[in-house]
Amino acid sequence: MSTVTDENVTAAETDTAAQAGPREGAFGNATHLACRECQHEVTLGPFYACPECFGPLEVAYSFPVVTREEIEAGPRNIWRYKALLPVPDDIETSPNTEPGFTRLLQARNLGRELGIDRLWVKDDSTNPTNSFKDRVVACALSAAVELDAKVFACPSTGNLANAVAAAGARAGIKTVVFIPSNLERPKQLNSAIFTDSLVAVNGNYDDVNKLASEIAGEEDGWAFVNVNVRPYYAEGSKTLGYEIAEQLGWRLPDQVVIPVASGSQLTKVHKAFQELVKLGLVEDKPVRIFGAQATGCSPVSVAYKAGVDAIRPVKPDTIAKSLAIGNPADGIYVLDICRETGGAVEDITDDEVTDGIVLLARTEGIFTETAGGTTVGVLKKLVETGQLDTSLETVVINTGHGLKTLDAIADRVSPAATIEPSYAAFRATGLGA
Ligand SMILES: *Cc1c(COP(=O)(O)O)cnc(C)c1O
Ligand SMILES: [Zn+2]
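Let us look at the structure shown here. (Residues numbered from 1 in each chain as written. Chains lettered and ligands numbered in written order. Predicted model: local features only at pLDDT ≥ 70, side-chain atom pairs only at ≥ 80, totals over all residues. Heavy atoms only, no water.)

Side note on the site of ligand 1
Right, on to step 1. Around ligand 1, the surrounding shell holds 15 residues, and the nearest of these are Lys133, Ser262, Gly263, Gln265 and Thr399.
Right, on to step 2. Within the side chain of Asn159, a nitrogen or oxygen atom sits 2.9 Å from an oxygen atom of ligand 1.
Right, on to step 3. At a separation of 3.5 Å, an oxygen atom of ligand 1 approaches a polar backbone atom of Ser264.
Right, on to step 4. When ligand 1 is considered free in solution it has 390 Å² of accessible area, and contact with the protein chains removes 97% of it.
Right, on to step 5. Along the lines of polarity and charge, the residues of the shell around ligand 1 split into six nonpolar, seven polar and two charged. (Near = heavy atom within 4 Å. Polar contact = N/O pair within 3.5 Å; in protein donor to acceptor, adjacent residues only side chain to side chain. Areas by Shrake-Rupley, 256 points an atom, 1.4 Å probe, with all protein chains shown as cover. Nonpolar A, V, L, I, M, F, W, Y, C, P; charged D, E, K, R; others polar.)

Structure below.
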């Protein structure tokens, strides 16, 4: 479309265009939304629940031929996979936080400690606002902009609020973020720095989420990233799967351990692996997928162990606040995937979460938050209980940064040895040769 044509569009035509919905190509190679339960199809728009059965809607595509070379020539962020995401071809030109392409580190020390021969850490703590949420928010922001939303919003357990507030600031779109009022102070401040519109709700995440759904229904022009634009948001998690495969040299790992809050990330990493196989970008092979929860909020793990399909909601009580979703929207799909792939869902106590944080820090020099402590702690438990095959290549995902949950380790690490500035005083610490 040339500029001249744009200028020649009359006011009347512009109005019609606005009413006709998003511009051509607004969602890239996405063709429609499809119900995960009954496959009912809906046009691309701010829809998230199936009008037939209330099942979750997912983005469906007609993918062109995509080559490894095209992807490798792309930017060093999630937009290298833009052909596989519901975003326009010119996505790089609209201001966003450019998340992704984080490090995949071989974890030799942690592997030795746990007896795993080939272990990797996908370190998503180095994203722009220090959690994997920047990925999903970047996709949600694109949808919000294309759908002409006036407000960019979310209910959040903390990291999402940080990511939404930062992305909104960069895109110049008003943000309003909702959090439970008992959230860690660093996570509150990490949102407040980007927006004046931080709302702390007296209640847990599930209460905040319910309020957000109500507001989304009442207010016009609000894009709640994980409510009414959730289908687009969720697709952002696929990039974790794409990156793991590309960074392993275009092959799939044998086992992956993934934290579970709503369960969205786990289901999308699985979807990403399947898409790469379908597109001929990696060879097909079995990948066992494991979910990690903290015992104080482990509805999916409880259902897994009980061998049942239904998830009974719980009231969260754990230091792993970023995973504290008592009624996980994608929990049943996590169960299906972990069972079908020969994985498992496991949970650990808060003490073991802290141990997991310390273990990763002391073996690999990576400071993770409580969610990562949960994932590393579950990895350890899966080895100890024989559920994970230590001879297979394994990836563990670190989704967030420890600086946001400092309180969790404050009582666990040794305080500094305070001394007088003399060599004798130093010797007295026992730290010398
Ligand atoms: C949100 C979050 C998760 C889990 O995400 P879901 O897709 O809701 O399961 C994991 N780790 C961190 C740090 C998070 O903020
Ligand atoms: Zn349906």
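The discussion continues.
Some details on the packing of helix 10 (residues 238-247) against helix 11 (residues 264-278)
Right, on to step 1. Axis separation between helix 10 and helix 11 bottoms out at 7 Å; the angle between their running directions is 50°. Judged by the angle between their axes, helix 10 and helix 11 are oblique. Handedness of the helix 10/helix 11 crossing: right-handed. Facing helix 10, whose interface residues are Lys238, Leu240, Gly241, Tyr242 and Ala245, helix 11 presents Gln265, Lys268, Val269, Lys271, Ala272, Phe273, Glu275 and Leu276.
Right, on to step 2. For the contact of helix 10 with helix 11, the per-class residue count stands at seven nonpolar, two polar and four charged. (Axes fitted to C-alpha atoms, helices over the stretch in contact; angles between N-to-C directions. Helix = DSSP H or I, 4+ residues; strand = E, 2+ residues; numbered from the N terminus. Parallel < 35°, antiparallel > 145°, perpendicular 65-115°, else oblique. Left-handed = near helix turned anticlockwise from the far one by under 90°. Contact = heavy atoms within 4.5 Å.)

Brief notes about helix 8 (residues 205-218)
Right, on to step 1. Here helix 8 is 14 residues long and its end C-alpha atoms lie 20 Å apart, about the 20 Å a rise of 1.5 Å per residue gives.
Right, on to step 2. Turning to helix 8, its buried residues number three or more, namely Tyr205, Asp206, Val208, Ala212, Ile215 and Ala216.
Right, on to step 3. Where helix 8 begins, one side-chain oxygen reaches toward the backbone nitrogen of Asp206, 3.1 Å away; that side chain belongs to Asn204. (Expected span 1.5 Å × (residues − 1). Buried < 20%, exposed > 50% of the residue type's maximum accessible area, 1.4 Å probe, protein only.)

Concerning the pattern of salt bridges
Right, on to step 1. For the structure on display, the rule yields 27 salt bridges.
Right, on to step 2. Notably, a salt bridge pairs Glu235 with Lys268, separated by 2.6 Å at the nearest N-O pair. Of this pair, Glu235 sits in helix 9 (residues 230-235) while Lys268 is found in helix 11, placing the two residues 33 residues apart along the sequence.
Right, on to step 3. The closest approach of N and O atoms between Glu275 and Lys238, which form a salt bridge, is 3.1 Å. Taken as a pair, Glu275 in helix 11 and Lys238 in helix 10 lie far apart in primary sequence, 37 residues in all. Of the two residues, Glu275 and Lys238, both sit in the buried class. (Salt bridge = Lys/Arg side-chain N within 4 Å of Asp/Glu carboxyl O.)

Some words on the coordination of the zinc ion (ligand 2)
Right, on to step 1. Around the zinc ion (ligand 2), the protein supplies Cys35 (SG), Cys38 (SG), Cys50 (SG) and Cys53 (SG) as donor atoms, at distances of 2.3 Å.
Right, on to step 2. Taken together, the four donor atoms coordinating the zinc ion (ligand 2) span angles of 99 to 117° at the metal, a pattern that classifies the geometry as tetrahedral.
Right, on to step 3. Between consecutive donors of the zinc ion (ligand 2), the numbers of intervening residues give the motif C-x2-C-x11-C-x2-C. You can see Cys35 sitting in strand 1 (residues 30-35) and its partner Cys53 sitting in the loop between strand 2 (41-42) and strand 3 (57-61), a full 18 residues away along the chain.
Right, on to step 4. Of the residues examined, Cys53 reaches a relative accessible area of 34% and is grouped as partly exposed. (Donors = N, O, S within 2.8 Å, 3.2 Å for Na, K, Ca; no water. Tetrahedral: all angles 85-135°; square planar, octahedral: opposite > 155°, others 65-115°.)

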